[in-house]
Amino acid sequence: MIENHVMNTYSRYDLVFAEGHGPWITDVNGDEYLDFVSGIAVNCLGHAAPQIAEAVAEQSKKLIHISNLYWSPQQIELADRLCQASGFDRVFFCNSGTESNETALKIARKYGKAKGGAEKTKIICMHDSFHGRSLGALSVTGQEKYREAFRPLIGEVYDAVFNDIASVEARMDDRVCAVILEPVQGESGIVPADAEFLKAVRALCEKYDALLIFDEVQCGMGRSGRLFAHQKYGVMPDVCTTAKALGGGFPIGAVLASDKASEFFVPGDHGSTFGGNPLACACGIAVMKELVEKDLLGHVEEMGAYLSGRLKELAEKYDVIEEVRGMGLLIGVQMKEGKKGAAIDEALKQRLLLAGAGNETVRFLPPLNVSREELDEGLKRFEAAVAAL
Ligand SMILES: *Cc1c(COP(=O)(O)O)cnc(C)c1O
């Protein structure tokens, strides 16, 4: 253990990192690792990406923060780029995934009361979901291991079963103001929704005048091979939350919404001191340019298909791998019972960083601009790790 004064909220590896470049990261002893965690799907352009370094350097010489009492060209431009690329009408900026979901829940409650009166306050969430750690976002996180110690949470939240439309239908009525779900569940093990399920949830939301909220904090911002995973499914939510990769490593979150969903949000309803500051938005603009203008999305599709294909070959060869799931460069390798931790530890010995998730899953989250050669190097190291199990 490294002696320190940081609060004891994480189980960390005894690694202290000093610098990085692309998918490579070096610790304070000078040992270099291949980083396929990317700060948990955050560093979409890799470490020390010149586009992000330049955005930070240039913008910080002009303005870092002005508050939301005033406008900045960067906030207006990023909102414009996000809406242009997604078909949403409005954006609210914040600083994290949790905050973006908190905002979405407040939009839903405001919408519900405006449309259906004081009683239209119920929210339906999914079993095995993850939406963040604040009390609101935690309340709709359908996993008791996160919620239990912090009850009482916000009321009127009902858990349904992901990919089981009957379970959603059974909980729907006119008092429901929103359904929130991840199109690809991330923390619980990279589980993509069935297209039929998403379409049926969309229809139920229409029927009961409830908002459909997609949490794309992890699967959004290009990781799926489209800007947002829901574009792959062809199912448009009313509200879409994002964060992680949006700033290429710089903290920023955003809530995208239709006019229909956001029109009841008026001055005084919500806010964030840091939200959408010029520096964070300059980073977001840099990421959007790469994703949309330079067709990084096409590269993600190609590299994702290659990586998951090669991982499926390993699954054929090694019994310890049960299944490979995912979309684009959001890939989960489900290991045999009890083997997830050992797989990550063995990979670490091969100097390959991988993240765990629920359901005995090991997550591959390389930067979106990863090359085929870098994937090959990672696969070589992962195979050595799996062979050692
Ligand atoms: C990471 C994550 C969050 C929480 O984001 P923070 O930035 O840690 O608050 C919410 N939802 C999903 C799907 C996530 O993956």
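Everything below is about the structure printed above this text.
The structure presented is a predicted model; accordingly, all values stated were derived computationally and were not measured.

Thresholds applied
Throughout this document, residue positions are counted from 1 along each chain, in the order its sequence is written. Reporting in this predicted model follows two pLDDT cut-offs: at least 70 for local features of residues, and 80 or more for side-chain atom pairs to be given and counted; totals over whole chains, interfaces and linings ignore these cut-offs and use all residues. Side-chain metrics in this entry use all non-hydrogen atoms of the structure; hydrogen atoms and water are not considered. A run of H or I in DSSP becomes a helix once it reaches four residues, and a run of E becomes a strand once it reaches two; helices and strands are each numbered from the N terminus. Only the C-alpha atoms count toward the radius of gyration. The rule for a globule is 2.2 Å times the residue count to the power 0.38. Using a 1.4 Å probe, the Shrake-Rupley method yields the accessible areas, and only the shown protein chains count as cover for residues. Each residue is placed in one exposure class: buried if its accessible area under a 1.4 Å probe, protein chains only, is under 20% of its type's maximum, exposed if it is over 50%, and partly exposed if it falls in between. Whether two residues touch is decided by their heavy atoms; if any such pair falls within 4.5 Å, the residues are in contact. For salt bridges, the criterion is a side-chain nitrogen of Lys or Arg within 4 Å of an Asp or Glu carboxyl oxygen. Only four residue types enter the charge count, namely Lys and Arg as positive and Asp and Glu as negative; His and the chain termini do not. Multiplying 1.5 Å by the residue count of a helix minus one yields the expected span of that helix. To be near a molecule or strand, a residue needs just one of its heavy atoms within 4 Å of it. Polar contacts here mean pairs of N or O atoms no more than 3.5 Å apart (in protein, one a potential hydrogen donor and the other a potential acceptor; neighbouring residues in sequence count only if both atoms are side-chain atoms). Buried and open spaces are told apart on a 1 Å grid over the protein atoms alone, a cavity being a set of points where a 1.4 Å probe fits but cannot get out and a pocket being an open set with protein on both sides within 12 Å along at least five of seven lines. Residues with an atom within 4 Å of a point are the lining residues. Criterion for pocket placement: a molecule counts as inside a cavity or pocket if more than half of its atoms are within 2 Å of its grid points. In this analysis an axis means a line fitted to C-alpha atoms, helices contributing only their contacting stretch, and an angle means the value between N-to-C directions, from 0 to 180 degrees. Put simply, angles under 35 degrees are roughly parallel, angles over 145 are roughly antiparallel, angles from 65 to 115 are roughly perpendicular, and the rest are oblique. Should the near helix be turned anticlockwise from the far one by less than a right angle, the crossing is termed left-handed; should it be turned clockwise, right-handed. Three categories are distinguished: nonpolar for Ala, Val, Leu, Ile, Met, Phe, Trp, Tyr, Cys and Pro, charged for Asp, Glu, Lys and Arg, and polar for the others, with Gly belonging to the last. Grid points are joined across faces, edges and corners, and a volume is the space filled by probe spheres set on the points.

S.K.: For this particular structure, what's the right way to read the overall build of the chain?
M.R.: Within the chain, the regular secondary structure consists of 14 helices and 17 strands. Whereas a compact globule of 389 residues would reach a radius of gyration of roughly 21 Å, the chain reaches 21 Å, a difference of no more than 12%. Along the three orthogonal principal directions, the C-alpha set of the chain runs to about 60 × 50 × 45 Å. For the chain, the accessible area works out to roughly 17100 Å², and carbon and sulfur atoms hold 52% of it.

S.K.: How should the environment of Val191 be read in this particular structure?
M.R.: With respect to the element layout, Val191 can be found in strand β9 (residues 191-192). Residue Val191 is classed as partly exposed on the basis of its relative accessible area of 21%. Those residues within four positions of Val191 in sequence are excluded, and the remaining contacts are Phe162, Pro183, Val184, Gln185 and Arg325.

S.K.: Even after reading the chapter, I still don't get the pattern of salt bridges, so can you show me in this structure?
M.R.: A side chain with one charge may pair with a side chain of the opposite charge, provided their charged atoms come close. Following the criterion strictly, the structure yields 27 salt bridges and no others. One salt bridge connects Asp238 with Arg202, and the closest N-O pair in it is separated by 3.0 Å. Note that Asp238 is positioned in the loop between α9 (229-233) and β11 (239-242) and Arg202 in helix α8 (residues 195-207), a separation of 36 residues in sequence. For Asp238, a relative accessible area of 6% gives the class buried. Among the ionic pairs, Asp238 bridges to Lys260, the shortest N-O distance being 3.7 Å.

S.K.: When you look at the side chain of Glu360 in this model, what are you seeing that I'm missing?
M.R.: Here Glu360 is to be found in the loop between β16 (355-357) and β17 (361-364). Notably, Glu360 is buried but unbridged: the nearest opposite-charge side chain belongs to Lys340, and the N-O separation is 6.0 Å. When neighbours within four sequence positions are excluded, Glu360 is seen to be in contact with Val333, Gln334, Met335, Lys336, Glu337, Gly338, Lys339 and Lys340.

S.K.: I keep staring at helix α12 (residues 296-317) and nothing clicks. Help me out?
M.R.: In an α-helix, one full turn covers 3.6 residues, which means residues spaced three or four apart are oriented alike. Helix length check: α12, at 22 residues, gives a terminal C-alpha distance of 32 Å against a target of 32 Å (1.5 Å per residue), a fit within 8%. Among all positions in α12, only Leu296, Leu297, Val300, Met303, Gly304, Tyr306, Leu307, Ser308, Leu311, Leu314 and Ala315 are buried.

S.K.: Looking at this structure, how should I read the site of the ligand?
M.R.: As a structural note, the neighbourhood of the ligand is formed by Ser96, Gly97, Thr98, Asn101, Phe130, His131, Gly132, Glu182, Asp215, Val217, Gln218 and Lys244. Here an oxygen atom of the ligand sits 2.8 Å away from a polar atom, N or O, in the side chain of Gln218. Contacts to the ligand include Lys244, whose side-chain N or O atom sits 2.6 Å from an oxygen atom. Against a free-state accessible area of 380 Å², the protein chains account for coverage of 82% of the ligand. Spatially, the ligand is embedded in the largest pocket. Among the elements that make up the shell around the ligand, the one with the highest residue count is helix α4 (residues 97-116) (3 residues).

S.K.: Just to check I follow, could you spell out the packing of helix α2 (residues 50-60) against helix α11 (residues 278-293) for this structure?
M.R.: Helix packing geometry: the angle between the two helix axes and the distance between the axes. Relative to each other, α2 and α11 sit at 150 degrees, their axes nearing to 9 Å. With respect to α11, the axis of α2 lies roughly antiparallel. Classified by chirality, the crossing of α11 by α2 is right-handed. Listed contacts from α11 to Gln51, Ile52, Ala55, Val56, Gln59 and Ser60 of α2 are Pro278, Leu279, Ala282, Cys283, Ala286, Val287 and Glu290. Looking at the contact of α2 with α11 residue by residue, the class counts come to 9 nonpolar, 3 polar and 1 charged.

S.K.: Help me understand α11 in this model?
M.R.: Here α11 contains 16 residues, and its C-alpha end-to-end distance of 21 Å stays within 8% of the 22 Å for a straight helix at 1.5 Å per residue. With 13 of 16 residues buried, α11 lies mostly within the body of the structure. Of the residues trailing α11, Asp295 is marked for its positive phi of about 55 degrees.

S.K.: Before we go on, may I ask you to explain the environment of Ala286 in this structure?
M.R.: Relative to the elements of secondary structure, Ala286 occurs in helix α11. By relative accessible area, Ala286 is classed as buried at 10%. Sequence-wise, Ala286 and Ala385 are 99 residues apart; in three dimensions their C-alpha atoms are separated by 36 Å. Those residues within four positions of Ala286 in sequence are excluded, and the remaining contacts are Gln51, Ile52 and Ala55.

S.K.: Please explain the layout of surface pockets as it appears in this structure.
M.R.: Empty space left among the atoms is revealed by rolling a probe the size of a water molecule over them. What the largest pocket holds in volume is close to 2000 Å³. If you trace the largest pocket, you find 48 residues lining it, with Tyr10, Ser11, Arg12, Tyr13 and Ile40 closest to the centre. In terms of residue class, the lining of the largest pocket is made up of 24 nonpolar, 13 polar and 11 charged. In terms of lining residues, the second largest pocket is bounded by 28 residues, among which Trp71, Gln75, Arg90, Val91 and Phe92 are the most central. Those elements that provide at least two residues to the lining of the second largest pocket are α3 (73-86), β4 (90-94) and β12 (253-257).

S.K.: It is not clear to me how unusual backbone geometry should be interpreted in this structure. Could you clarify?
M.R.: That bond from Arg151 to Pro152 is cis: its omega, 5 degrees, falls within 30 degrees of zero. Examined against the element boundaries, Pro152 turns out to sit in the loop between α6 (144-147) and β6 (157-160). Non-glycine residue Asp209 carries a positive phi angle of around 50 degrees. Inspection of the secondary structure puts Asp209 in the loop between α8 and β10 (211-215). Owing to a relative accessible area of 25%, Asp209 belongs among the partly exposed residues under this scheme. At Asn359, a position not held by glycine, the phi torsion is positive, near 60 degrees. Within the fold, Asn359 resides in the loop between β16 and β17. Judged by relative accessible area, Asn359 falls into the partly exposed class, the value being 47%.

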